[in-house]
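# An overview of the molecular structure
Read off the chains here:
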Amino acid sequence: MIRLGRISYVNMAPVFHRLRADVEEVVGVPTELNRLVLAGELDLAPISSIEYARHADRLRLLPRLCVSSEGAVDSIQLVTRVPLGRVASVAVTPESATSVVLTRVLLPQAAIVPLGEEADAKLLIGDAALKSAFEDPTPHHDLGRLWLERTGLPMVFAVWAAPEPVVEGLGDLEHALVASVRLARAEPERLAHEASARYGYPAGFLARYFEKLRYSFGPRERAGLYTFLEMARDVGELGHVPELRFARDEVRASPARPAVAAAGRGPASRLPDAREES
């Protein structure tokens, strides 16, 4: 059974909306999934795009999937009363690697400190960022929007990565994940209401949020990823920009075996420190 990582935030709802696959789900925040993939304890997971780049020689990417936005994403927010040009320090969440580096890229003058320490601004991601926008009147700056204003390109926050050697059946699983996203897009109201019941946000809010997320890994997303990695290198967060290594051969579905999408879903396991809602 394939061990499949699932980010614990609501942004995964479209990907797992109607996933028909014989998998063991392991739920965690992005940095936890990064660690498990690199340790070989997961067969596939959405991991921070910067962590893929740092370990590209050990990983393969699914060529059709990512997590990105072109403009505001809502779930990655810099919260501050200080004008952005005067922010001297940012307290960052321990749950994300890509967003921390994106903060370095967008605010190179700012010192990075752990969340909880005194700083001019704080970086929130995932459900914590969504909740903060509801509850905290402090100005929120969407990093997806800031990135688009800076580059004119989508921002790829996560890629789907598998440790080498990739497991058998990865291609069938990719097809099942893509099919789930397509069905979610075809029935947005049903997706929003089901996600509302699970995560507790208003369905209308989630419907608008899901419209901002992208999951296909097309040419513009790849251009945005390369641009981000180049800028991460320039601020000292990446030694070199690697080639994107895809699991093209391994990802082909085998005609000799039934598609994974036809099977029932396996059990879900949870990491001890994973938080479904922040």
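First things first, this report covers the structure right here in the doc.

Basis of the calculations
Residues numbered from 1 in each chain as written. Predicted model: local features only at pLDDT ≥ 70, side-chain atom pairs only at ≥ 80, totals over all residues. Heavy atoms only, no water. Helix = DSSP H or I, 4+ residues; strand = E, 2+ residues; numbered from the N terminus. Buried < 20%, exposed > 50% of the residue type's maximum accessible area, 1.4 Å probe, protein only. Contact = heavy atoms within 4.5 Å. Salt bridge = Lys/Arg side-chain N within 4 Å of Asp/Glu carboxyl O. Pairing = 2+ DSSP bridges. Axes fitted to C-alpha atoms, helices over the stretch in contact; angles between N-to-C directions.

## A few points about the environment of Ala53
Structurally, the position occupied by Ala53 is in helix H2 (residues 49-54). Its relative accessible area of 5% is what places Ala53 among the buried residues. Here the alpha-carbon distance between Ala53 and Leu238, two residues 185 residues apart in the chain, equals 7.7 Å. Look past the residues within four positions of Ala53 in its chain and what remains in contact with it is Leu229, Leu238 and Pro242.

## Quick word on the pattern of salt bridges
This model, assessed by the stated rule, comprises 16 salt bridges. Among the ionic pairs, Arg214 bridges to Glu70, the shortest N-O distance being 2.8 Å. Of this pair, Arg214 sits in strand S11 (residues 213-216) while Glu70 sits in the loop between strand S4 (59-69) and strand S5 (76-80), and the two are 144 residues apart along the sequence. Glu70 gets classed as partly exposed once you look at its relative accessible area, which sits at 29%. Glu70 is the partner of Arg220 in a salt bridge, and the nearest nitrogen-oxygen pair spans 2.5 Å. Here Arg220, found in helix H9 (residues 219-234), pairs with Glu70, found in the loop between S4 and S5; they are 150 residues apart in sequence, far enough to count as distant. Residues joined by salt bridges that share partners form a network here, namely Arg18, Glu187, Arg190 and Glu194.

## Quick look at the sheet that holds S11
The strand order across the open sheet formed by four strands is S3-S10-S4-S11, and the pairing between neighbours is antiparallel. Edge positions in the open sheet fall to strand S3 (45-48) and S11, since each of these has one partner strand only. In this sheet, adjacent strand axes meet at a mean angle of 35° when their direction is disregarded. Here four bridges tie S3 to strand S10 (residues 155-163), and the two strands are oriented antiparallel to one another. By the bridge assignment for S10, Ala45 is matched with Ala161. Of the strands in this sheet, S4, S10 and S11 are in contact with H9, which crosses S10 at around 95°.

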